[in-house]
Amino acid sequence: MTDMERTVQPLKGHIASFTAYVIFGLNIIASKGLANSGAISPLGLFCFRAIGASVLFWIAGLFIPKEKIDKGDYLKIFAASIIGLYLTQIAFLKAITQTTPTDAAILSAFAPIMTMFFAAIFLKEPITFKKMFGVAMSFSGAILLVFNSVNTRGGADHTTPLGGLLLFVNCMAFAFYLGFFKPLIQKYHVVTFMKWMFLFSALASVPFDLKEIVTLPYSQLPVSYLLQLGYLIVCATFIAYFLIPIGQQNLRPTLVSMYSYIQPLIATAVSVMIGMDRITWQKVLSAVLVFGGVFVVNRSRQRGDRSAPVEGQVRAR
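Along every chain, residues carry numbers that run from 1 in the direction the sequence is written. Note on the predicted model: pLDDT of at least 70 is required for a residue's local features to be given, and 80 or more for side-chain atom pairs to be given and counted; whole-chain, interface and lining totals, by contrast, use all residues. For the side-chain quantities, the full set of heavy atoms in the structure was used; hydrogens and water were omitted.

1. Quick look at a nonpolar patch on the surface
- Patch definition: residues with relative accessible area over 30% and no salt bridge; like charges joined within 9 Å; nonpolar side chains (Val, Leu, Ile, Met, Phe, Trp, Tyr) joined within 5 Å. Each accessible area is a Shrake-Rupley estimate made with a 1.4 Å probe; only the visible protein chains count as cover when residues are assessed. In what follows, salt bridge is the name for a side-chain nitrogen of Lys or Arg lying within 4 Å of a carboxyl oxygen of Asp or Glu. Where nonpolar side chains cluster on the molecular surface, the patch consists of Ile51, Val55, Ile59, Leu62 and Phe63 and spans about 540 Å² of accessible area.
- Helix and strand definitions follow DSSP, with helices as H or I runs of at least four residues and strands as E runs of at least two, each counted in order from the N terminus. Looking at where isoleucine 51 falls in the secondary structure, it is placed in helix H2 (residues 42–60).

2. Describing helix H7 (residues 161–180)
- Taking 1.5 Å of rise per residue, the 20 residues of H7 would be expected to cover 28 Å, and the 28 Å separating its terminal C-alpha atoms lies within 8% of that figure.
- All of the buried residues in H7 are Gly163, Gly164, Leu166, Leu167, Asn170, Cys171, Ala173, Phe174, Ala175, Tyr177, Leu178 and Gly179. For a helix, the expected span equals 1.5 Å multiplied by the number of residues minus one. Type-normalised accessible area, obtained with a 1.4 Å probe on protein chains alone, sets the label of each residue: buried when under 20%, exposed when over 50%, and partly exposed for intermediate values.

3. Examining the nonpolar core
- We define the nonpolar core as a collection of buried residues of types Ala, Val, Leu, Ile, Met, Phe, Trp, Tyr and Cys that are connected through side-chain atoms lying within 4.5 Å of one another. Counting residues in hydrophobic clusters, the biggest one holds 69 residues, and the most contacted among them are Leu45, Ile77, Tyr177, Phe193, Met194 and Met197.
- Ranked by residues supplied to this core, first place goes to helix H10 (residues 223–250) with 10 residues.
- Sequence-distant contacts of phenylalanine 193, that is, excluding residues within four places in its chain, are made with Ile77, Ala80, Tyr177, Leu184, Ile185 and Tyr188. Two residues qualify as a contact provided that any one of their heavy atoms is within 4.5 Å of a heavy atom in the partner residue.

4. Some words on the packing of aromatic side chains
- By convention, a stacked pair of Phe, Tyr or Trp rings (six-membered ring in the case of Trp) has centres within 6.5 Å and planes under 30 degrees apart, an edge-to-face pair has planes over 60 apart, and any other such pair is tilted. Considering all chains together, one arrives at 20 aromatic pairs under this definition.
- Ring centres of tyrosine 21 and phenylalanine 24 lie 5.4 Å apart, and the angle between their planes is 70 degrees; this geometry places the pair in the edge-to-face category. Within this pair, tyrosine 21 and its partner phenylalanine 24 are both found in helix H1 (residues 3–37), separated by 3 residues, close to a single helical turn. Here tyrosine 21 matches phenylalanine 24 in class, with each residue buried.
- Between the aromatic rings of tyrosine 74 and tryptophan 196, the centroid separation amounts to 5.2 Å while the plane-to-plane angle is 75 degrees, which identifies the pairing as edge-to-face. Here tryptophan 196 lies in helix H9 (residues 190–215) and tyrosine 74 lies in helix H3 (residues 74–95), a separation of 122 residues in the sequence.
- By way of ring pairs, the aromatic residues Phe118, Phe122, Phe174, Phe176, Tyr177, Phe180 and Phe181 are connected into one cluster.
- In this structure, lysine 195 is placed above the aromatic ring of tryptophan 58, and the distance from its NZ or CZ to the ring centre is 4.3 Å. Only when the NZ atom of a Lys or the CZ atom of an Arg is both within 6 Å of the ring centre and within 35 degrees of the ring normal do we say a charge sits over the ring.

5. A word on H3
- When the terminal C-alpha atoms of H3 are compared, their 30 Å separation across 22 residues agrees well with the 32 Å that a helix rising 1.5 Å per residue should span.
- Bend at a residue means the angle formed by two fitted axes: the first through the 7 residues ending at that position, the second through the 7 residues beginning there. The sharpest bend along H3 measures roughly 30 degrees and falls at isoleucine 82.
- When H3 is considered as a whole, its buried residues turn out to be Ile77, Ala80, Ser81, Gly84, Leu85, Thr88, Gln89, Ala91, Phe92, Leu93 and Ala95.

None of the figures reported here should be taken as evidence of function without further support.
Structural data, given as structure tokens:
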């Protein structure tokens, strides 16, 4: 591998992860509005995501070289789709109807910590002092931002025990997915892997929500609702889930998950842009801590890196 490739591969991972989590940050606002409207159930929203993304990924698959899936991997991909898509998204879409944005942000901030431990178990990724320091640094930035947001905006909603439990399940399932399925993700092209992931997710969810999909009064849905639903399917599902495997292929699972700390920053930035919030020194410090922690974790080396050309090297296919 050339020096140029050693530089470009991690850079691709960082750009992909950063962009995906920016999209996810905006998705929190769109999803909460959709879920709270009551027009479509959380399971219905996931069905639309799974069906829409499946169609888009299978269309995209027509423009890449045909890739054969090993027979033994179909069951593994199905398991990955249930854990990394079905379980995480159903839990998230249900949880945001029963939690405040503040509590959701706090619980979501634990995802990188869970990912770090799963990566240590399944990938033998060492938990170094530098890595723990970086995770703690970003976590403190996220917490500072969240509590500062409470002081400036407040909130009228409340969090139910079930909502908190569902968010914990969401974080745990996605952290497990990032750590356990990394070798499988590296084995196939992003489009090949995701088209089967979303197809399996659609097949698993549609039978439980077929009645709602058929009877939904589509003509009565407001244009704003349809636009948010379109963003949910195209941007927050197709584009974001196209980018996440690129990050997984080129970066360590813990580092990919660290980019989830960007989500509260995006929510704050959007609030400032639309006049709902203002920039304070606490928010600036939060941003420094979050991105500083990502940098520290990125500098943390795995065992054997001196002999390996690049961490998370992906096989060319």
